[in-house]
Amino acid sequence: MTERRPLVEQVCGELRQGGAVAVVGPTGFGKSAVLDAVCTQWQAAGDPVVRLSSAPADADVAYAPLVDLFTACPAEVSGELSDHQRRAIDWVLRRVTGPEPDTTTLRVTVLSCLQTWGRRARPLLAADEVHWWGPASLDVFGFAARRIRGSVSLLAALRPDGPSPHDVLGGGAVEIGIPTLGPEESAAVARSLGIPLRTAGRIHTATGGNPRLVSDIAAGLARAGTPATALDTRPLAPFARKAIRARLADLAEPVRRVLVLAALAADPSVATVRRAGGPTADAALTAAEAAGLVRVVDGAVAFPAPVVREGVVAEAGDEAVRRAHHVLAGASAGPADRAWHEASAWAAAEIPPALVEALAGAAAGARERGDRVRAAELGLLAGERAGGARPDLLVAAARDAEAAGRFDLAWTALERIGRTRAGPAARARARIAVIDAAGRGAALLEGVAARALVDAGAGDEPALVSAAHLRLAWSAHLKRGFCAEALAHARSAVEWAERAGDPAARAAAMTLTARIEQGRGAVEHTATLRLALAPGAANTPGAAGAAPRVTADPRRAAACFALLDDRTAEAGRLFDELRPVVAGSGGPADLLWLLDGSVQVHAAGGEGRAAREEAGRLLDLARTLGASPGPPWYAAATAELAGGELEQALAYAELGLAASEEEADMLVAAQCLHLSGLTRLLLRDTVGALADLLRVRDLVRELAIADPAVIRYDADLAEALVAAGDPAAGARQVAGARRRAEELGRRGVLASLDRAEALCRTADSQFGPAEELLLRALDTFDHLGYPLERGRVLLAHSAVERRRRRPARARELQAAAEAVFRAAGAPLWGPARSERAGAPSWLAGLTDAEKRIAELVADGYGNRDIAAARYVSVKTVEAVLTRIYRKLGVRSRVQLVALARKDERRPDR
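Just so you know, these numbers come straight off a predicted model, no measurement behind them. (Residues numbered from 1 in each chain as written. Predicted model: local features only at pLDDT ≥ 70, side-chain atom pairs only at ≥ 80, totals over all residues. Heavy atoms only, no water.)

Let's shift gears to the packing of aromatic side chains. Evaluation of the coordinates by the stated rule reveals seven aromatic pairs. Their ring planes at 40° and their centres at 6.3 Å tell us that phenylalanine 781 and tyrosine 786 sit as a pair that is tilted. Classification of phenylalanine 781 as buried rests on a relative accessible area of 1%. Stacked on the ring of tryptophan 91, the Lys or Arg arginine 94 has its end atom at 4.7 Å from the ring centre. (Phe/Tyr/Trp six-rings, centres within 6.5 Å; stacked < 30°, edge-to-face > 60°. Buried < 20%, exposed > 50% of the residue type's maximum accessible area, 1.4 Å probe, protein only. Lys NZ or Arg CZ within 6 Å of the ring centre and 35° of its normal.)

Given below as structure tokens:
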């Protein structure tokens, strides 16, 4: 219940204040779990709890919930009731036989019992599964509930289609809806069971965040044995069947039959379901909607989550599914849908060849419309029903799946090709599609890429060999310690593309070569990219599937290089030029890349709100596709730094790091680790920041990244070292990075290093050189159009001026910096204060508030300045200073400053 803790606290707070709370949510949303947590807290406070539980079998039992109430009622409470009321209690508990007490007697008995108990304690009545209560129970309980507010607290878990809160708890009850789990909450549940984050994203999308389904599927996967790889393609519905079976059990057979039709329909419109389901279809849909299993929206039947639809099909059984497809074939209006249902109703050995051709044609039509998911599904069915005679259909399905970003469908196609007599070229193409569909998870598929190279060589197609080398290069590029191998494969890809005479494959291979060369700090990468972009070089992959579109398209690489070169405006223009291309002929993977680049451009330009909006779209799309979650989490962290909250930025960076490590994508892992370290630095967690940034340094070395613009961590590591009390180490870090940045002309990196070096010099009281460095950095960031970096320099300059005892100038610079960050909607990127290997000893014995005021005094602030900075009155500052003087054994401000200066000059500091 960790992910529901705020909800539990809200319910408890409302119960203490108002006395009656209804927790409302569909089946599977965790209402019972919330009740359990609230009851646990209530009992921990020493107050009694009575759980009123029911089950389907209790629906016909008169006054079933009163049994729980009267059983728990203390003897001293029932002893104060009248004989007539005690006999009513005995009758409910079946201690006596005889005629049923009249309703009025039972109403008054329950009311008297609760009033008497409420005078002795503050009991909580927690009613669960109220939809199984009979009318008589609701009547008696509701009568008492309307009259005991204030002495007894009432809590009920209700379904939207069940009794109303007013009927159960009386008027004025607080109604709290249970929301679905958010993506991060679903990820927390899955990660607690050892489920990889990519799979956690699949679970969230498949369940729509339904808490029960998320928990069931994650637990089921964990019990089944989580695979070592994050590229898990197992179907999720089998792990949710128990919950779905329970929801179906109470439905009549005609309702279940119509549900199966709706779940299988290629066109799940109400009209189609009516044609297939007959005259009872509308009533069945109404019943299914009341049970929360479907929604009828704008003439279409929609399931609350994909896994519910899949579970309905799984529960129906093979024979019922075939019958439903047969019925739907007759009810379908379009030829493509009809072919789908007819093929699904036939066994593979019996299907007419003409139907296979009809499916292939339907797949081609879906491909032309840009619906690559549907094209992949149709192609898979056609290839399967062809009985292995048409591997070309499966290859096309694999490529459609890759274009749609659906690794699971691409992998299914590859597995089915393995059961056919497909030639080596077909197998190579399918393997390449699988690698591309894996996105950043390609590093986990090095074996698949190696087999693709073997197949491509046997197929005697040079362009295909080039494509296989390119995938091996990309896989190696993502891992630590394989930089030389990545470059060798990339150059081999260029050579084989030239043999094939394929300009698209050559351009793609040269683009990746340039990227690898650039990361190694090789200046020739510019010439390599220029050749890739030369007139005549194709901008899209060749027929062999020469290149992963996102990683190797030269025009896209040009946009990425513009960002690295601090040409943000040019990068934004290139992204804008590519938007129509992606919208017209690109797939979801192309859109992922475009959104990611857009986040980086907006964040660099100080457009925090736009960056966060694009990051939200990116995260949603990545989850929908089941794509690699590392880069989207990294982009989200970047956006939060530019226009959100530091704590949220840190959470996103940590998720991105975990996801990237699971996929062996050490390049993005290092980027996320850098953002984590930077955010911790801004949050004044110097120890955590230093640990993260030192890990980044190790990863950068292992990845053989020589260009400091790839991961711009050097200045932040230097600042963390200064804050930790080691300015000399910070200066060495700056000097080493400066040499590389000057060789490559990295202006933005050099400006950041100027800021960091200024902090190093300030720590050694070299204020003049520090100010010169900061002014130079400010000028550079002004020219580059990096407002947040400019604000960060202003904050650092303000810190320098405080050290120089120039509070007025420090305040002026601080105000200017705050204006910059306020305009961007970004959190303040304040420099970390030096810890000098620990808290200054002269502050020992002071409270946190006293330490902050003492530090401001030592920095030269007057009492009015301190009062303004701390949002307190001058008299409060004077009173605190009096306590500080007494604790530190000094008598004046002058003596306090002298004590601070003496501490700074200690040799161990």
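Read on, since the account is not over.
Here we come to the environment of arginine 480. Checked against the element boundaries, arginine 480 lands in the loop between helix H25 (462-477) and helix H26 (483-500). Arginine 480 sits 78 residues away from alanine 558 along the chain, and the two C-alpha atoms are 25 Å apart. With sequence-adjacent residues up to four places away left out, arginine 480 is seen in contact with Met666, Leu699, Glu702 and Leu703. (Helix = DSSP H or I, 4+ residues; strand = E, 2+ residues; numbered from the N terminus. Contact = heavy atoms within 4.5 Å.)

The alternating pattern of strand E3 (residues 124-127) places Leu124 and Ala126 and Leu125 and Ala127 on opposite faces, both of which are buried. With four bridges connecting them, strand E2 (residues 49-52) and E3 associate as parallel partners. What sits directly across from valine 50, in E3, is leucine 125. Pairing of E3 with strand E4 (residues 153-158) involves four bridges; the strand directions are parallel. By the bridge assignment for E4, alanine 127 is matched with alanine 156. (Pairing = 2+ DSSP bridges.)

This next bit is on the nonpolar core. Residues Ile203, Leu259, Phe303, Val307 and Leu641 are the most contacted members of the largest nonpolar core, which totals 127 residues. Residue contributions to this core peak at 11 residues, all from helix H36 (residues 666-682). Non-local contacts of valine 307, meaning those with residues more than four positions away in its chain, are made with Ala206, Thr207, Leu213, Ile217, Leu236, Ala237, Ala240 and Ile244. Counting 46 residues, the second largest nonpolar core, distinct from the first, contains Ala413, Cys483, Ala509 and Leu512. (Core = buried A, V, L, I, M, F, W, Y, C linked by side-chain atoms within 4.5 Å.)

Here the structure, examined in full by the defined rule, presents 59 salt bridges. Salt-bridge contacts for aspartate 400 lead to arginine 372; the nearest nitrogen and oxygen are separated by 2.8 Å. One end of the pair, aspartate 400, is in helix H21 (residues 391-404); the other, arginine 372, is in helix H20 (residues 372-385), and 28 residues separate them in sequence. By relative accessible area, which is 25% here, arginine 372 ends up partly exposed. Arginine 680 is the partner of aspartate 692 in a salt bridge, and the nearest nitrogen-oxygen pair spans 2.8 Å. Of this pair, aspartate 692 sits in helix H37 (residues 686-702) while arginine 680 is found in helix H36, placing the two residues 12 residues apart along the sequence. The class for aspartate 692 is buried, based on a relative accessible area of 10%. Sharing partners across several salt bridges, the network here consists of Asp565, Arg567, Glu570, Asp707 and Arg746. (Salt bridge = Lys/Arg side-chain N within 4 Å of Asp/Glu carboxyl O.)

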